[in-house]
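Below, each chain spelled out in residue letters.
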Amino acid sequence: MTAAQSATAGSVKDAGLPAKLDLAKHNKMANAIRALSMDAVQKAKSGHPGLPMGAADIATVLFTRFLKFDSQAPDWPDRDRFVLSAGHGSMLLYSLLHLLGYEDMTMDELKNFRQLGSKTAGHPEFGHAAGIETTTGPLGQGFSNAVGMAIAEQHLAAVFGEDLVDHYTYVLAGDGCLMEGITQEALTLAGHLKLSKLIVLFDDNGISIDGPVSLTDSTDQLARFAASRWNVTSVDGHDPEEIAAAIETARSSDGPSLIACRTVIGYGAPNKKGTASAHGAPLGEDEIAGAREALGWSAEPFDIPSSIRDCWRLAGLRGCKARTAWEQRLDSADAGVRAEFERRTEGRLPDRFSEIMKDYKKTLSEDPPEIATRNASQNVLDVINAALPETIGGSADLTGSNNTKSKDLAALTSAESAGRFIHYGIREHAMAGAMNGMALHGGVIPYSGTFLVFTDYCRPSIRLSALMQQRVIYVMTHDSIGLGEDGPTHQPVEHLASLRAMPNLNVMRPCDAVETAECWQCALEATHTPTVIALTRQKLKPARIKHFRENLCSRGAYEIADGDDTTPAEIVIFASGSEVEIAIEAKEKLNAAGHHTRVVSVACMELFEQQSGDYKSRVLGNEQIRIAIEAGVRMGWDRYIGTDGVFVGMSSFGASAPYTELYQHFGITADAAVDAALARLAESKA
């Protein structure tokens, strides 16, 4: 035992720990997790038994002695959060939820592990069952989510006080989680913000799929975390009192804590324990029989002796008293505080928010500005952040470029947790993962920014926002070759198309200040869908001059400039964002030449696809000449213009030059659209 371990273990007596669990009882309870896990994986003929068997002692100590929760009220806002970052070990979590008495995690669900329609997916999925705090499996994502949860807890405690917000975030992470790059970003952010209620339990089993971790890594993880201001210690992951003492010490820490728990993967399996063979495949009937004998577990598969089940069910009810006391504190709080807390934790916007946005749009229409949409976004954020105290903004070291910091937002720091703007530094991936965690925690609405091209760094987290149906807002500026001189490394070309390919993600590209306000309103009102708002660096002419109380962008696409009331249009031009002004200029030239033309602003393809068939038919029209203009690739536009339609856009990477020259160079101009339209008209008459 190391000196650190010895000091930690020696503190048990004086640490004020919860009642010590009889070792024999602890072993039986931990073995119930092991048995359920290996039996479920065996029945499914796939899965990962090694982690649940190795980490069962850690989980038993945490859930029976420390974790604040109530299985009968799983959504209690002040519960502790448990994140299984190593999501491949999902049977650990499912076994715990069943044993603790969560109503929807029945034994039949465990028997249907990894089967279609079950709550017990191969990796934990948020929303499938109570007690699953986040979707994990892509390694490191859960770790970064937990950082976001801890940020939300620390912020809300500063806002509402510790009588209402006072809980911990616990993470079980494996070697793979710590190897992933997102974890480095997230752990340094957590250390910098001194997230003292974040406790990571590292399942230090030294095994990955390929074999010993020593094949691929020689990092001193404790030194790595300590270098970023974490409190670190190591314990025997099969000694419940060492584990408990370390957790108790971490709970009184002044920063985040890492507890490296040295474990044996596949603990109990006579031949496969401690090897890669226990990691990602069923143990096999003979090995399971040997494990039962080694563990002293005589019960049949999926059978939990009543005495052990009773111990677990009592643990599941342990937090009832704490929850009741919390509810009493909430009931006795000031009526205004209570109403605001409940509104925010339920995710409801203030009743007047819609009217506030309508009034703001009216001022824009009365004095339409020529402005870059990134600046228009900052202006609307002045309005939004004043109306919605739950927003927490940020930027990945591009605050002055993304314009995500409104004038009244103070920075959220280790010294000022009530602040509402996070300087994420150059940590795009962890920024996105942390925002997912904040949204999952509840009580806040996260948004943050970087350049659109760097959605490549954020994409795994954006995908999980969509999969988990979380209201996370990605403010992505410098959205095309319009950013100019920074060149093709920074100019997004394929990004809009690739993001639009993702299910349940709204990709919004406003064309002026009014549309920017409408897109922000749509994003905030989309409670189960994340949003990417793509914004320009360059100034744009106002396109929406007439005021409409209705949010036209909420329909996804609409006619922004029509022909006339008497003559049917010959040509329709679809465009988004900065190219709408090009489309309008082309329309004016075509109209002057006697060819009536409509322009449709396509602010969000995803919202347009949700409209009625009649509405879509009216907007799409039946004009023979159909053109789309966007400073990106063609992919996705054929559904509106057809495969024989005209696309004015990009088919290559960009270049470094002033943006006006780039638009000319790549032929994204009104004249190019006019020439293409006239050529098609001539062909049709030939």
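Residues numbered from 1 in each chain as written. Predicted model: local features only at pLDDT ≥ 70, side-chain atom pairs only at ≥ 80, totals over all residues. Heavy atoms only, no water.

### With respect to the overall build of the protein
Each helix and strand counted, the protein has 27 helices and 20 strands in total. Against the globule reference of 26 Å for 686 residues, the protein gives a C-alpha radius of gyration of 28 Å, in line with a compact fold. Expressed along its principal axes, the backbone C-alpha trace of the protein runs to roughly 90 × 55 × 45 Å. In the protein, buried positions account for 60% of the 686 residues. A sequence separation of at least 24 residues applies to 78% of the contacts in the protein between residues at least 6 apart. (Helix = DSSP H or I, 4+ residues; strand = E, 2+ residues; numbered from the N terminus. Rg over C-alpha atoms; globule rule 2.2 N^0.38 Å. Buried < 20%, exposed > 50% of the residue type's maximum accessible area, 1.4 Å probe, protein only. Contact = heavy atoms within 4.5 Å.)

### Regarding the sheet that holds strand S19 (residues 625-629)
Strand order in the open sheet made by the five strands is S16-S18-S17-S19-S20, with mixed pairing throughout. Only two strands of the sheet have a single partner each, and these edge strands are strand S16 (557-561) and strand S20 (646-648). Between one strand axis and the next, the sheet turns by 25 degrees as a mean value, whatever way the strands run. As paired strands, S16 and strand S18 (residues 597-602) are joined by four bridges and run antiparallel to one another. Looking at S18, one finds that Ala 557 is bridged to Val 602. (Pairing = 2+ DSSP bridges. Axes fitted to C-alpha atoms, helices over the stretch in contact; angles between N-to-C directions.)

### So, the packing of aromatic side chains
Summed over the entire model, instances satisfying the criterion amount to 18 aromatic pairs. Between Tyr 447 and Trp 520, the aromatic rings sit 5.4 Å apart at their centres with planes inclined by 85 degrees, giving edge-to-face as the arrangement. Separated by 73 residues along the polypeptide, Tyr 447 in strand S11 (residues 445-451) and Trp 520 in helix H21 (residues 513-525) bring together distant segments of the chain. Each member of the pair, Tyr 447 as well as Trp 520, is classed as buried. One Lys or Arg, Lys 197, reaches over the ring of Tyr 168 and ends 5.7 Å from the middle of that ring. The ring of Tyr 615 is capped by Arg 555, whose NZ or CZ atom sits 4.5 Å from the centre of that ring. (Phe/Tyr/Trp six-rings, centres within 6.5 Å; stacked < 30°, edge-to-face > 60°. Lys NZ or Arg CZ within 6 Å of the ring centre and 35° of its normal.)

### A word on the sheet that holds strand S13 (residues 506-508)
Ordered in space as S10-S9-S11-S12-S14-S13, the six strands form an open sheet in which the pairing is parallel. Edge positions in the sheet fall to strand S10 (421-423) and S13, since each has one partner strand and no second. With direction set aside, neighbouring strand axes in the sheet form an average angle of 20 degrees.

### Quick look at the side chain of Lys 197
Relative to the helices and strands, Lys 197 is located in the loop between helix H8 (181-193) and strand S3 (198-204). Discounting residues that sit within four places of it in the chain, Lys 197 has contacts with Glu 153, Asp 166, His 167, Tyr 168 and Thr 169.

### As for the nonpolar core
Of all hydrophobic cores here, the largest spans 126 residues; its most connected members are Leu 198 and Trp 312. Broken down by element, this core gets its largest block of residues, ten residues, from helix H6 (residues 141-160). Residues contacting Trp 312, with those up to four places away along its chain left out, are Met 29, Ala 32, Ile 33, Thr 60, Phe 63, Thr 64, Leu 96, Leu 99 and Leu 100. Leu 552, Val 599, Leu 607 and Leu 681 belong to the second largest nonpolar core, which has 58 residues in total. (Core = buried A, V, L, I, M, F, W, Y, C linked by side-chain atoms within 4.5 Å.)

### Focus on the pattern of salt bridges
As enumerated under the stated definition, the model contains 33 salt bridges in all. Note that Glu 518 is salt-bridged to Arg 544, the shortest N-O span being 2.7 Å. Here Glu 518, found in helix H21, pairs with Arg 544, found in the loop between strand S15 (539-540) and S16; they are 26 residues apart in sequence, far enough to count as distant. Comparing Glu 518 with Arg 544, the two get one shared label, buried. We note a salt bridge from Lys 589 to Glu 585, for which the minimum N-O separation is 3.5 Å. (Salt bridge = Lys/Arg side-chain N within 4 Å of Asp/Glu carboxyl O.)

### Quick look at the packing of helix H2 (residues 23-44) against helix H3 (residues 50-65)
Running from N to C, H2 and H3 cross one another at 130 degrees; their axes reach a closest spacing of 8 Å. The orientation of H2 relative to H3 falls into the category oblique. The two elements H2 and H3 meet at a crossing, and its hand is right-handed. Each of His 26, Asn 27, Met 29, Ala 30, Ile 33, Arg 34, Ser 37 and Met 38 in H2 lies in contact with H3, whose residues at this interface are Pro 52, Met 53, Ala 56, Asp 57, Ala 59, Thr 60, Val 61 and Thr 64. Grouping the constituent residues of the contact of H2 with H3 by class yields nine nonpolar, five polar and two charged. (Parallel < 35°, antiparallel > 145°, perpendicular 65-115°, else oblique. Left-handed = near helix turned anticlockwise from the far one by under 90°. Nonpolar A, V, L, I, M, F, W, Y, C, P; charged D, E, K, R; others polar.)

### Observations regarding the confidence of the model for the protein
Within the protein, residue pLDDT values average 96, and 97% of them lie at 70 or more. This model gives residues 1-17 a pLDDT under 50, and the stretch forms 27 contacts once residues within four places in sequence are excluded. (pLDDT = per-residue confidence, 0-100.)

### What to know about H6
Taking 1.5 Å as the rise per residue, H6 with 20 residues should run 28 Å; its terminal C-alpha atoms sit 28 Å apart, in good agreement. Judged by how many residues are buried, H6 sits mostly within the fold: 18 of 20 residues are covered. Taken from the residues just after H6, Gly 161 is the one with a positive phi, measuring 90 degrees. (Expected span 1.5 Å × (residues − 1).)

### A look at the pairing of S19
Taken across its five residues, S19 has five buried, putting it largely inside the fold. Residues Ile 625, Ile 627 and Ile 629 line one face of S19 and the alternating positions Arg 626 and Ala 628 line the opposite face, and both faces are buried. Sheet analysis places strand S17 (residues 571-575) next to S19, joined by five bridges and oriented parallel. By the bridge assignment for S19, Ala 575 is matched with Ile 629. Both S19 and S20 contribute to a ladder of three bridges, which runs parallel. For Ile 629, the partnering residue across the bridge sits in S20 and is Val 648.

### What about the environment of Ala 686?
Looking at the element boundaries, Ala 686 is found in the segment after helix H27 (670-685). The sequence separation of Ala 686 and Thr 567 amounts to 119 residues, and the corresponding C-alpha distance is 22 Å.

### Side note on unusual backbone geometry
Of note, the phi angle at Asp 397 is positive, near 65 degrees, even though the residue is not glycine. In this model, Gln 469 sits at a positive phi of 60 degrees, which is unusual for a non-glycine residue. Position of Gln 469 among the secondary structure elements: in the loop between helix H19 (455-468) and strand S12 (473-477). Here Gln 469 falls in the partly exposed class, since its relative accessible area comes to 42%.

### A word on helix H11 (residues 285-295)
For H11, every residue scored as buried is listed here: Glu 287, Ile 288, Gly 290, Ala 291, Arg 292 and Leu 295. As for H11, its buried residues are in contact with H2. Downstream of H11 by one or two residues, Gly 296 has phi in the positive range, about 70 degrees.

### Some points on the packing of helix H22 (residues 580-592) against H27
Running from N to C, H22 and H27 cross one another at 50 degrees; their axes reach a closest spacing of 8 Å. With respect to their mutual orientation, H22 and H27 come out oblique. Two packed elements cross with a definite hand, and for H22 against H27 that hand is right-handed. On H27, the residues that touch Ile 582, Glu 585, Ala 586, Lys 589 and Leu 590 of H22 are Ala 670, Asp 671, Ala 673, Val 674, Ala 677 and Leu 678. Of the residues that constitute the contact of H22 with H27, the class distribution is eight nonpolar, no polar and three charged.

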